[in-house]
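Chain by chain, the residues:
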Amino acid sequence: MDTIIAKLKDSVASTGATDIRSAFASDSGRFAKFTARLDDLLMDYSKCAVNETVMGLLSELAEAGGVAKKRDAMFAGDKINFTEDRAVLHTALRNRSNTPVMVDGRDVMPDVNAVLDAMSEFCNGVRSGAIKGATGKKITDVVNIGIGGSDLGPAMATLAMAPYHDGPRAHFVSNVDGAHIADTLKLLSADTTLFIVASKTFTTIETMTNARAARKFVSDALGEEAVGHHFAAVSTALDKVAAFGIDETRVFGFWDWVGGRYSIWSAIGLPLMLAIGPEHFVEFLEGAHALDTHFREAPVENNLPMLLGLIGYYHRVVLGYPTRAILPYDQRMSRFPAYLQQLDMESNGKSVTIDSKPVKGPTGPVAWGEPGTNGQHAFYQLIHQGTDIIPAEFMIAANGFEPDLRNQHDLLIANCLAQSEALMKGRTLDEAKAQLTAKGADAATADRIGPHRVFAGNRPSITFVYDKLTPHALGRMIALYEHRVFVEGVLFNINSFDQWGVELGKELATGLLPVVEGKESAAGHDSSTAGLVDTLLKAKA
Ligand code: F6P
């Protein structure tokens, strides 16, 4: 690996690979060379600083890093999450070909299918009105109470699938800040609301606290005996759910081989299924399954997640770019960057290798973003003219869901394509000055103002184009990014599937609660923490 990385660095220096603008000028076939497809999904990476040599070396890197071997081990149910002694099988949840997937000598597919059937039956009941609230009224609103992977996936996907909504309205409460549940409950009536308590562990403090507030909301309005009619749960910890008092017929399980940030395909997807119906939910699974098959079968040079992972690694390790921007030109994908933050940063924000040694180079970059065109009027300035190079990942559908507003969709597309073109082409000083003089500026003004209007160009971007944001397309896009994170994790030589980095803060918060409540002294804490506690206690109303 080290030799190939060194060769990549040499190649960047000697072949001028980073002069993307010249590469386009000298090769009219560049787009055809550096694009890959899966059905209607096109990945254009021609505006990245790559050439045939770089791509050849990246392919060698995938081979040397054993990406294909480790991919096959993941799909086969090997316990690749060795720090938690778990298999990593979110792919089994969307295994629509239903081939056996073995964990500890047992096929998990019958259990997967049974939960999916139970979810469908429950959703059909709620959506049709056969399953009612305690007073006999139809459920009009569903509130998912969860956080992290038990919130971001369903919240993001439910918003993305708005054109398919024909079920109850969906709400999502995650933050332990009481403002979140209070503002949500204000809009709702207990007798027509169903709460889903979603937590893999059923111990997460935010979720359990919000669940208790919701329970009180129902029992205050309708009496304690009504609670059972207004709650369902999704968890791997069925004993803890039972202790909370949710009837077992309303509990949808999943398994320890499903990571929280990979759980949208499991019963954690229940709010999405309630909103769009079981058939569309299955199309969502099918989209992901199609991408899984592609990941397993396509040769590296046409394998979208391999290419995305290899280029991501190249940007991070070879070129040293610290962040990447996720820029969906789709308002309904507005939570996709936040979803990817957990997927990517909780997976690959690590500094210890699988051999339990400190990593030698950088690991996962900071992932961030906002939908276009909004971001253009906020932070694109820095992407175009700032001192860091930030690879941008654009995504755009050929078609929206509003035929009457086709002009707006064309405007959206024009903006998306213009951004990647501007990042790549830039504007030289001569061009900037010529533009100023054409507008009537004198030479001195053009000299003074010109440099401020220069765009360095050669800034990399990847653009994804797909036909329309259907459930299939959404499932495929999420799976694409999941596998990209996997490929990068293998190359970083880390375990992408644990998240020990979130533990310390949780432990300290538990210890600090009695101090913040004024029941224990802050002595023993550092002076900053003690000082902050003191300030807050004095200001407490
Ligand atoms: O933030 C840590 C984490 O464990 C995430 O990985 C997970 O998605 C989230 O908390 C919620 O956990 P749970 O589903 O167990 O409530």
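Residues numbered from 1 in each chain as written. Predicted model: local features only at pLDDT ≥ 70, side-chain atom pairs only at ≥ 80, totals over all residues.

Below, the discussion takes up the overall build of the protein chain. Each helix and strand in the protein chain was counted, giving 22 helices and 13 strands. The globule rule puts the C-alpha radius of gyration for 541 residues at 24 Å, and the 25 Å found for the protein chain is close to it. For the C-alpha atoms alone, the extent of the protein chain along its principal axes is close to 80 × 60 × 60 Å. For the protein chain, with 541 residues in total, the buried portion stands at 45%. A separation threshold of at least 6 residues defines the contact pool for the protein chain, and within that pool the share at least 24 residues apart is 75%. (Helix = DSSP H or I, 4+ residues; strand = E, 2+ residues; numbered from the N terminus. Rg over C-alpha atoms; globule rule 2.2 N^0.38 Å. Buried ≥ 20, exposed ≤ 12 C-beta atoms within 10 Å, placed from the backbone. Contact = placed C-beta atoms within 7 Å.)

Our next topic: the environment of His-230. For His-230, the position within the fold is in the loop between α10 (205-222) and β8 (231-235). Each C-alpha atom, one on His-230 and one on Ile-246, is 9.4 Å from the other, the two residues being 16 residues apart in sequence. Not counting chain neighbours up to four residues away, the residues in contact with His-230 comprise Gly-133, Ala-134, Ala-190, Thr-193, Leu-194, Phe-195 and Val-218.

Of the consecutive residues Gly-372 and Thr-373, the connecting peptide bond is found in the cis state with omega at 10°. Relative to the helices and strands, Thr-373 is located in the loop between β11 (366-368) and α16 (380-385). Here the phi dihedral of Asn-98 falls at roughly 60°; this positive angle occurs in a residue that is not glycine. Secondary-structure assignment places Asn-98 in the loop between α6 (90-93) and β3 (102-103). Here the phi dihedral of Ser-356 falls at roughly 65°; this positive angle occurs in a residue that is not glycine. Checked against the element boundaries, Ser-356 lands in the loop between α15 (336-348) and β11.

Here we take up the UniProt feature "active site" (unreviewed entry) in the protein chain. As recorded in UniProt, the feature "active site" (unreviewed entry) lies at Glu-346, His-377 and Lys-506. The named residues occupy 161 residues along the chain; their greatest pairwise C-alpha distance, 36.3 Å, places them well apart from one another. Its location among the elements puts Glu-346 in helix α15. Setting aside residues up to four positions removed in sequence, Glu-346 forms contacts with Arg-261 and Gln-499. Taking the C-beta count within 10 Å as the criterion, Lys-506 has 11 such neighbours and is therefore assigned exposed. (UniProt positions renumbered as here; feature names shortened; annotations may be inferred.)

Now for the nonpolar core. If you look at the biggest cluster of nonpolar residues, it comprises 144 residues, and the most contacted ones within it are Ile-196 and Leu-310. Looking at this core element by element, the count peaks at 13 residues for helix α20 (residues 471-492). (Core = buried A, V, L, I, M, F, W, Y, C linked by C-beta atoms within 7 Å.)

The parallel open sheet is built from five strands, whose spatial order is β6-β5-β7-β8-β9. Edge positions in the sheet fall to β6 (169-173) and β9 (251-253), since each of these pairs with one other strand and no more. In this sheet, neighbouring strand axes are inclined to one another by 20° on average, regardless of whether the strands run parallel or antiparallel. (Pairing = 2+ DSSP bridges. Axes fitted to C-alpha atoms, helices over the stretch in contact; angles between N-to-C directions.)

Our focus in this paragraph is the environment of Met-43. Looking at where Met-43 falls in the secondary structure, it is placed in strand β2 (residues 41-44). Between the C-alpha atoms of Met-43 and Tyr-466, which are 423 residues apart in sequence, the distance is 9.0 Å. Met-43 has contacts with Thr-35, Ala-36, Leu-304, Leu-307, Leu-308, Ile-462 and Phe-464, leaving out every residue within four places of it along the chain.

What follows is about the pairing of strand β7 (residues 193-198). β7 sits mainly inside the fold: six of its six residues count as buried. Neither face of β7 is open: one carries Thr-193, Phe-195 and Val-197, the other Leu-194, Ile-196 and Ala-198, and all of them are buried. Where strand β5 (residues 141-145) lies against β7, five bridges are found, and the strand directions are parallel. Following the sheet pairing, Asn-144 is matched in β7 by Ile-196. Of the strand pairs in this sheet, β7 and β8 are connected by four bridges, and their pairing is parallel. Note that in β8 the partner of Val-197 across the bridge is Ala-233. Following the backbone out of β7, through α10 and into the adjacent parallel β8, one traces a crossover that is right-handed. (Right-handed = clockwise from strand over helix to strand, strands pointing away.)

What follows is about the packing of helix α13 (residues 278-297) against α20. Direction vectors running N to C along α13 and α20 enclose 40°, while the axes themselves pass 7 Å from each other. Comparing the axis directions of α13 and α20 gives the class oblique. In this structure, α13 meets α20 at a crossing whose hand is right-handed. Contacts between α13 and α20 pair His-280, Glu-283, Phe-284, Leu-285, Glu-286, Gly-287, Ala-288, Ala-290, Leu-291, Asp-292 and Phe-295 from the former with Pro-471, His-472, Ala-473, Leu-474, Gly-475, Arg-476, Ile-478, Ala-479, Leu-480 and His-483 from the latter. Broken down by class, the residue content of the contact of α13 with α20 amounts to twelve nonpolar, five polar and four charged. (Parallel < 35°, antiparallel > 145°, perpendicular 65-115°, else oblique. Left-handed = near helix turned anticlockwise from the far one by under 90°. Nonpolar A, V, L, I, M, F, W, Y, C, P; charged D, E, K, R; others polar.)

It is worth spelling out helix α4 (residues 52-64) at this point. Compared with the 18 Å implied by 1.5 Å per residue over 13 residues, the 18 Å span of α4 between its first and last C-alpha is a close match. For α4, the complete set of buried residues consists of Val-54, Met-55, Leu-57, Leu-58, Leu-61 and Ala-62. Taken down its axis, α4 places every buried residue within 160° of arc, on the same side. Looking at the buried residues of α4, the elements they touch are α1 (2-15), α5 (67-75), α14 (304-318) and α20. One or two steps after α4, the chain reaches Gly-66, where phi turns positive at roughly 70°. (Expected span 1.5 Å × (residues − 1). Arc of directions from axis to C-beta.)

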